[in-house]
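# Tertiary structure, described
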Amino acid sequence: MTSSHTDCHYCLQSLRGKKYALREENAYCVTCYDSLFANPCEECKQPIECDSKDLAYKGRHWHEGCFKCAKCNRSLVEKPFAAKDELLLCTECYSDEYSSKCFHCQKTIMPGSRKMEFKGSSWHESCFVCQYCRQPLGTKPLITKDNENYCVPCFEKQFAHHCYSCKKVVITSGGVTYHDQPWHKECFVCAGCKTQLSGQRFISKDEYPYCVDCFSKLYAKKCAACKKPITALGGAKFVSFEERQWHGECFNCAKCSVSLVGQGFLTRQDDVLCHECASA
């Protein structure tokens with residue numbers, strides 16, 4: 001530019017009829033201005049002269065022709081770009097090198113697009129959907145099975161077990177399996193007294209569980225000797241003869257009390273006797 005400034009502020013040479021540059025209201029000839037104030041270009045390391053366009057980014061400067069993608073060499077002037085390790089990259093090259101790949105479609109998740117993250121993997125928002133109903137999961141509760149994600153209602157429809165007792169409520173955790181059927185712990189109760197049986201000893205009868213006390217009261221045979229119920233709990237041994245049963249430890253000679261288990265015996269009215277006592 002030309003102006004009424006007469007001399008260069010630095011070299012004092014006349015500026016009449018010459019181009020000059022202003023800095024803080026002082027005029028400089030082009031040579032002095034470039035030597036004093038021109039920024040070095042990050043790419044070519046040459047000064048960016050006052051008659052050249054100076055492109056700046058985070059305190060660094062480039063000639064317009066040097067402002068290019070570090071990988072594909074395409075111009076970044078007036079185009080979106082990204083920086084990585086002090087290198088400038090166009091969005092395509094940045095995506096190829098550094099952007100996440102969608103776990104579902106394996107395509108690049110472009111910078112600026114919404115990304116969903118779950119268990120260390122990334123998805124396009126449009127790919128992060130329920131495997132069954134295909135509705136977006138977003139930030140909704142979900143359940144994963146065989147590396148596929150499901151919304152909770154769909155998972156329950158497809159995979160969750162319904163309690164054999166109450167039929168309605170889904171068993172999400174901590175159930176009990178009885179006769180190959182799932183039960184809630186709180187639903188797995190004695191068919192007689194309704195006491196919870198989870199973790200307790202019980203006896204089955206007609207596909208229903210009973211606590212030991214209820215089973216003994218309702219179904220167990222009475223020992224002909226001690227009159228107490230005979231249960232098979234714990235593999236207890238018992239002896240049966242005609243219409244009567246005895247605990248193994250109660251099956252003794254009525255006279256001398258010797259055990260008759262595995263031995264020959266005779267009966268006399270309601271008593272069982274060893275051969276010796278029967279012959280006496």
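Computed from a prediction, not measured in an experiment: that's the story for all the values here. (Residues numbered from 1 in each chain as written. Predicted model: local features only at pLDDT ≥ 70, side-chain atom pairs only at ≥ 80, totals over all residues. Heavy atoms only, no water.)

Quick look at the overall build of the chain now. In terms of helices and strands, the chain carries 5 helices and 22 strands. Over its C-alpha trace the chain gives a radius of gyration of 47 Å, far above what one expects of a compact globule, namely 19 Å for 280 residues. Each of the three principal axes of the chain carries a C-alpha extent, and together these read 155 × 35 × 30 Å. Relative to its 280 residues, the chain shows a buried fraction of 31%. Taking as baseline every contact in the chain between residues at least 6 positions apart, the subset at least 24 positions apart corresponds to 12%. Put simply, the chain shows about 18900 Å² of open surface, and 48% of that area lies on carbon and sulfur atoms. Mean positive and mean negative side-chain charge positions of the chain (37 and 32 charges, respectively) differ by 8 Å. (Helix = DSSP H or I, 4+ residues; strand = E, 2+ residues; numbered from the N terminus. Rg over C-alpha atoms; globule rule 2.2 N^0.38 Å. Buried < 20%, exposed > 50% of the residue type's maximum accessible area, 1.4 Å probe, protein only. Contact = heavy atoms within 4.5 Å. Areas by Shrake-Rupley, 256 points an atom, 1.4 Å probe, with all protein chains shown as cover. Lys, Arg positive; Asp, Glu negative; His and termini not counted. Charge placed at Lys NZ, Arg CZ, Asp CG, Glu CD.)

Let us look at the domain arrangement of the chain. Under the domain assignment used here, the chain contains domain 1 (20-97), domain 2 (100-184) and domain 3 (222-279). Between the C-alpha centres of domain 1 and domain 3 the distance comes to 107 Å. (Domains from an automatic or database assignment.)

Within helix 2 (residues 91-98), the full set of buried residues consists of Thr 91, Cys 93 and Ser 95. Contacts from the buried residues of helix 2 go to strand 5 (81-84) and strand 6 (87-90).

Let's shift gears to the UniProt feature "domain: LIM zinc-binding" (unreviewed entry) in the chain. Within the UniProt annotation, "domain: LIM zinc-binding" (unreviewed entry) is assigned to residues 39-99, 100-161, 162-220 and 221-280. Helix makes up 13% of residues 39-99 and strand 26%, whereas the separation of the span's terminal C-alpha atoms amounts to 32 Å. (UniProt positions renumbered as here; feature names shortened; annotations may be inferred.)

Our focus in this paragraph is the pattern of salt bridges. This structure, assessed with the given rule, holds 4 salt bridges. The salt bridge involving Glu 92 is made with Arg 74; its shortest N-O contact spans 3.8 Å. On the criterion of sequence distance, the pair formed by Glu 92 in helix 2 and Arg 74 in the loop between strand 4 (60-63) and strand 5 is long-range, its members being 18 residues apart. Across the pair Lys 115 and Glu 117 runs a salt bridge, and its minimum N-O distance is 3.3 Å. With relative accessibility at 57%, the residue Glu 117 sits in the exposed group. (Salt bridge = Lys/Arg side-chain N within 4 Å of Asp/Glu carboxyl O.)

Moving on to the packing of aromatic side chains. Scanning all chains against the criterion turns up 16 aromatic pairs. The interplanar angle of 50 degrees and the centroid separation of 4.9 Å between the aromatic rings of Trp 123 and Phe 128 together place this pair among those described as tilted. Here Trp 123 matches Phe 128 in class, with each residue buried. (Phe/Tyr/Trp six-rings, centres within 6.5 Å; stacked < 30°, edge-to-face > 60°.)

This part is about the pairing of strand 15 (residues 202-205). In this structure, strand 15 lies alongside strand 16 (residues 208-211), joined through 4 bridges in antiparallel fashion. Among the inter-strand pairings, Ser 204 is bridged to a residue of strand 16, identified as Pro 209. Taking the residues between adjacent antiparallel strands as the criterion, strand 15 and strand 16 are bridged by 2 residues, where Asp 206 takes a positive phi near 55 degrees. (Pairing = 2+ DSSP bridges.)

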